[in-house]
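Listed here are the chains, written in short residue letters.
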Amino acid sequence: MISDKNSAKWMQLPRDVLVGHGVLEEVGDVCNDLKLKGNALIVTGSTTRDIVGKRVCNILESAGISAETVITYKATTEEVEKVMEKALEVEASFLLGVGSGRSIDLAKLASTRLKLPFISVPTAASHDGIASSRASIVDNGRSTSVQAQSPIAVIADTEVISAAPFRLLAAGCGDIISNYTAVLDWELASRLRNEYFGEYAAALSRMAAQVIIDCADSIKPEHETSARLVVKALVSNGVAMSIAGSSRPASGSEHMFSHALDRIAPKPALHGEQCGVGTIMMMYLHGGNWQEIRDALKKIGAPVTAEELGIEDKYIIEALLQAHTIRPERYTILGSGLTPSAAEKVARITKVIS
Ligand SMILES: NC(=O)C1=CN([C@@H]2O[C@H](COP(=O)(O)OP(=O)(O)OC[C@H]3O[C@@H](n4cnc5c(N)ncnc54)[C@H](OP(=O)(O)O)[C@@H]3O)[C@@H](O)[C@H]2O)C=CC1
Ligand SMILES: O=C(CO)COP(=O)(O)O
Ligand SMILES: [Zn+2]
């Protein structure tokens, strides 16, 4: 028998996934189904608390579960600690991340460290951390991708998500389309560095990006069918990351560019918006069809230029120059870095700057 000891992996996936109109009302039933009792801690943002957090609190209380709330501001190590302290103070037996990517990541990592279950309740389809087992946290000013647990349940109410500002849904499309360059980078790292490459996770990731590109014409504001399509692709991305055991299928050079912008731009845009623009430029560097990426993002209504991101050209160039230093262990098309003239060239040719 030929053994393959290195391939043994623990793939953690959500148990209950609810996507649809009004599924928020089923939070109590989901807790019952999963035998979650005691006190809940709702991790939410200042806007999303008013939109959904308070409603979740009421639904839980009607189901006999007492719920406390903690408000999040930044996805940092300090805030993970703040959430953990609050969970201990209220003797929480499980956590819910109710809101944006930041609140979900903080609930995910804090619950992992406390060994408590966690439910993901996204209020927008802006990022693919909805169902993933990773948390993107800034530690000491450095962007890190931390292994965490998958949510035990995902409750994605398309009525809520389609009512969110359309900019958030368009950003989610950028986060999914970025799978294309992420997978190209992963393949490159496999060829040049003999890095493990997961065919299945890569295929799933490419498929989600393809679905969004193929449906770009029909992704519209306030359409629940659009919200549903994007949420399903985001959930699928989370599954791809869990299968891979890393964010590799969904995060490559275009994500490093976005993380660099978060570090240096005075007012960064949304994660998925920056990743979308990064994908246009990284696809050019890969010698691929960057125009197809740009056209799809334009059709959806996501930004394709520095001006549309609301970021000055000089920060785009600086982020291109710094991107390879963000996660040096993650080999990408950026290799050991671009020269200033190459960075300016890629941004100009792809019309990101003019
Ligand atoms: N773990 C993973 O695998 C991944 C993690 N990420 C991470 O997720 C984060 C990006 O998430 P993203 O959601 O784009 O950005 P943010 O977490 O920054 O949230 C963006 C804003 O949208 C608001 N918002 C959310 N839902 C609604 C709504 N229904 N109506 C009105 N406003 C709303 C939020 O309000 P409020 O202030 O209330 O939160 C917040 O102000 C980054 O930190 C990124 O690194 C991204 C991809 C994958
Ligand atoms: O944003 C992500 C995938 O879309 C997670 O990626 P990172 O590993 O870059 O934090
Ligand atoms: Zn992302």
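Residues numbered from 1 in each chain as written. Chains lettered and ligands numbered in written order. Predicted model: local features only at pLDDT ≥ 70, side-chain atom pairs only at ≥ 80, totals over all residues. Heavy atoms only, no water.

Here the focus is the UniProt feature "binding site: glycerol" (unreviewed entry) in the chain. Look at the UniProt record and you will see "binding site: glycerol" (unreviewed entry) annotated at Asp128, Asp175, His255 and His271. These residues run over 144 residues, yet every pair of their C-alpha atoms falls within 12.4 Å of each other. If you trace the backbone, His255 turns up in helix α10 (residues 253-264). You can call His255 buried: its relative accessible area is 4%. Aside from chain neighbours lying at most four places away, what touches His255 is Asp175, Ser178, Ala250, His271 and Cys275. Within the local environment of His255, its side chain forms a polar contact with the side chain of Asp175, the two groups lying 3.0 Å apart. Along the polypeptide, His271 turns up in helix α11 (residues 271-285). The residues touching His271, leaving out its near neighbours within four places in the chain, are Asp175, His255, Ser258 and His259. Within polar-contact distance, the side chain of His271 engages the side chain of His255 at 3.2 Å. (UniProt positions renumbered as here; feature names shortened; annotations may be inferred. Helix = DSSP H or I, 4+ residues; strand = E, 2+ residues; numbered from the N terminus. Buried < 20%, exposed > 50% of the residue type's maximum accessible area, 1.4 Å probe, protein only. Contact = heavy atoms within 4.5 Å. Polar contact = N/O pair within 3.5 Å; in protein donor to acceptor, adjacent residues only side chain to side chain.)

A surface patch of negative charge is lined by Glu78, Glu81, Glu85 and Asp139. With 3 residues, the single largest contributor to the negative patch is helix α3 (residues 77-89). As for its position among the elements, Glu85 is in helix α3. (Patch = residues over 30% accessible without salt bridge, like charges linked within 9 Å, V, L, I, M, F, W, Y side chains within 5 Å. Areas by Shrake-Rupley, 256 points an atom, 1.4 Å probe, with all protein chains shown as cover. Salt bridge = Lys/Arg side-chain N within 4 Å of Asp/Glu carboxyl O. Lys, Arg positive; Asp, Glu negative; His and termini not counted. Charge placed at Lys NZ, Arg CZ, Asp CG, Glu CD.)

Buried residues of helix α12 (residues 290-300): Trp290, Ile293, Arg294, Ala296, Leu297 and Ile300, and no others. Considered in projection along α12, the buried side chains sweep an arc of 165° and stay on one side of the axis. In this structure, the buried side of α12 is in contact with α6 (166-177), α7 (179-193), α8 (199-214), α11 and α15 (340-349). Backbone geometry just downstream of α12 places Gly301 in the positive-phi region, at approximately 100°. (Arc of directions from axis to C-beta.)

Another aspect to go through is the sheet that holds strand β1 (residues 16-20). Across a sheet, strands are paired by hydrogen bonds formed along the backbone, either parallel or antiparallel in direction. In spatial order, the strands read β1-β8-β5-β4-β2-β3; together these 6 strands make up an open sheet with parallel pairing. Looking at the sheet topology across the chains shown, the edges are occupied by β1 and β3 (66-71). Averaged over all pairs of adjacent strands, the angle between strand axes in this sheet comes to 20°, irrespective of strand direction. Sheet topology places strand β2 (residues 39-44) next to strand β4 (residues 92-99); 6 bridges connect them, and they run parallel. Considered in β4, the bridge of Val43 is made with Gly97. Packing against the sheet, helix α4 (residues 101-114) makes contact with β2, β4 and β5 (118-122), and its axis sits at approximately 160° to β4. (Pairing = 2+ DSSP bridges. Axes fitted to C-alpha atoms, helices over the stretch in contact; angles between N-to-C directions.)

Turning our attention to the site of ligand 1. In the vicinity of ligand 1 lie 27 residues, with Thr48, Asp105, Thr123, Ser126 and Arg134 positioned nearest. One of the backbone nitrogen or oxygen atoms of Ser46 is found 3.4 Å away from an oxygen atom of ligand 1. Thr48 has a polar side-chain atom sitting 2.7 Å from an oxygen atom of ligand 1. Summarising the interface, the protein chains cover 83% of the accessible area of ligand 1, which totals 930 Å² for the free molecule. Of all the secondary-structure elements, those providing two or more residues to the shell around ligand 1 are α2 (46-62), α4, β6 (134-139) and α6. Tallied by class, the residues present in the shell around ligand 1 amount to 8 nonpolar, 13 polar and 6 charged. Built from parts of two domains, the shell around ligand 1 gets at least three residues from each of domain 1 (16-163) and domain 2 (174-349). (Near = heavy atom within 4 Å. Nonpolar A, V, L, I, M, F, W, Y, C, P; charged D, E, K, R; others polar. Domains from an automatic or database assignment.)

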